[in-house]
Amino acid sequence: MRNFGSRPRGISKVLITLGVIAFLFVAVTGYTLFSNYNGLGNFVKVISLIRTQYLYDVTTEEMVEGAIKGVVESLDDPYSNYLDQETFKKLTEQIHGSFGGLGILVGVEGDYLTVVLPYEDTPADKEGIKAGDKIVKINSEDVVGLDLDAAINMLRGPVGSEVNITVLRQDEEIEKTLVREEIRVPTVQGEIVPDTEIGYVQISQFTEITADELDEVLTKLKEKDIKGLVLDLRNNPGGELVSATRVADEFISQGPIVHIDYKQGEDKTYNAKKPALNLPLVVLINGHSASAAEILAGAIKDHQVGTLVGTTSFGKGVVQIVFPLDNGAGLKLTTARYLTPNKHDINKKGIEPDVVVELPEDAEQDVQLEKALEVLKEKM
């Protein structure tokens, strides 16, 4: 029978750690632990009660990890997350390794990981995954409410390996088993709008190669003597900050592109460095245009070098850094916010278009694109 009157050996590690914390509080604030400073005394008491009174065995490591998760969750920040060892390892694996994916662009809609776009001739496309599908399970694990980066890393894996996903489509759950492939999908696509002198460029996300891809696409379009450009950022979930600033530099001739406002350290402003495209420009945005896409859209709007058409963007105006922890886990933490060139904070607000055009789900015509072309022709 367990002797509930004695102290389990594991609790001493917790109490020693908490004792150090308590000592620091005393040194800095002058309060004692016995005053239950900010609930710290209760925290120690709960740990002690669990170790001595709880029916089932719990390790010190489990309690500490649970406490860390609880602290991060208490921030009520959807972008700050504790990453367990497996998730953190996937985030930091060598990029030169042979790892594959499913060929889908995903974003977050409410608590759901939502398919924005399945790329043609990829595993997702071959298995009938559709835009709007909500991924609710990955390998039988519930992912509703899971951090976007963690969910994406669950979808990735070695080329040739299988992954089972369950999607919610019109209130029906559909299970699919997909085989991962090496996915090489361009982030920038461009063409001439038929029967016009207007170029159309779509950026699906921002990666290290996006700016170079855009250079190539714009060079080909300019060779065809375009007179105006529609830039489509709809459903673009964002990506790399530096990539967004390099792309913005194509359209802005001088001045700030974005201001990064850090809690710690020196704030930073990214400025335009090279000549701009200098063509009439219309930018399409919607509620799924987020993060780096909003940096680009915000810069274009504030500098008045283009007209925004569509609906209000997502509203993610904060920056995260991933910190490694001693146990092989990691902490993704919001450490800064970004401001548009005119220092507008768009977090949880989004960027409002100059011309509002809704796109009904059952629309047979892309009325947003049609409006963008109409506005652009007036500017040309």
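Here the structure is shown first, and the text comes after it.
Structure report, in brief. Just so we're clear, the structure is a prediction, and the values are computed from it rather than from any experiment.

1. Re the layout of surface pockets
What the second largest pocket holds in volume is close to 840 Å³. At the level of secondary structure, the elements contributing two or more residues to the lining of the second largest pocket comprise β3 (104–109), β4 (112–118) and β11 (198–203). For the lining of the second largest pocket, the element with the most residues is β4, which contributes four residues. Across the lining of the second largest pocket, the residue classes tally to nine nonpolar, nine polar and six charged.

2. Side note on the environment of lysine 371
Looking at where lysine 371 falls in the secondary structure, it is placed in helix α10 (residues 367–379). By relative accessible area, which is 27% here, lysine 371 ends up partly exposed. Spatially, the C-alpha atom of lysine 371 lies 9.7 Å from that of leucine 284, the residues being 87 residues apart in sequence. Polar side-chain contacts of lysine 371 include one of 3.1 Å to the side chain of glutamate 374.

3. Considerations on the side chain of glutamate 213
Relative to the elements of secondary structure, glutamate 213 occurs in helix α7 (residues 210–223). When its relative accessible area of 15% is taken as the criterion, glutamate 213 is described as buried. Look past the residues within four positions of glutamate 213 in its chain and what remains in contact with it is Pro186, Thr187 and Val188.

4. Some thoughts on the pattern of salt bridges
Evaluation of the coordinates by the stated rule reveals 14 salt bridges. The shortest N-O distance in the salt bridge between aspartate 147 and lysine 332 comes to 2.9 Å. In this pair, aspartate 147 is assigned in the loop between β6 (141–142) and α6 (148–155) and lysine 332 in strand β18 (residues 330–339), connecting sequence segments 185 residues apart. Accessibility assignment for this pair places aspartate 147 and lysine 332 in one class, buried.

Rules and cut-offs
- Residues numbered from 1 in each chain as written.
- Predicted model: local features only at pLDDT ≥ 70, side-chain atom pairs only at ≥ 80, totals over all residues.
- Heavy atoms only, no water.
- 1 Å grid on protein atoms, 1.4 Å probe; cavity = no way out; pocket = protein on both sides within 12 Å on 5 of 7 lines; lining within 4 Å.
- Points joined across faces, edges and corners; volume = space filled by probe spheres on them.
- Helix = DSSP H or I, 4+ residues; strand = E, 2+ residues; numbered from the N terminus.
- Nonpolar A, V, L, I, M, F, W, Y, C, P; charged D, E, K, R; others polar.
- Buried < 20%, exposed > 50% of the residue type's maximum accessible area, 1.4 Å probe, protein only.
- Polar contact = N/O pair within 3.5 Å; in protein donor to acceptor, adjacent residues only side chain to side chain.
- Contact = heavy atoms within 4.5 Å.
- Salt bridge = Lys/Arg side-chain N within 4 Å of Asp/Glu carboxyl O.

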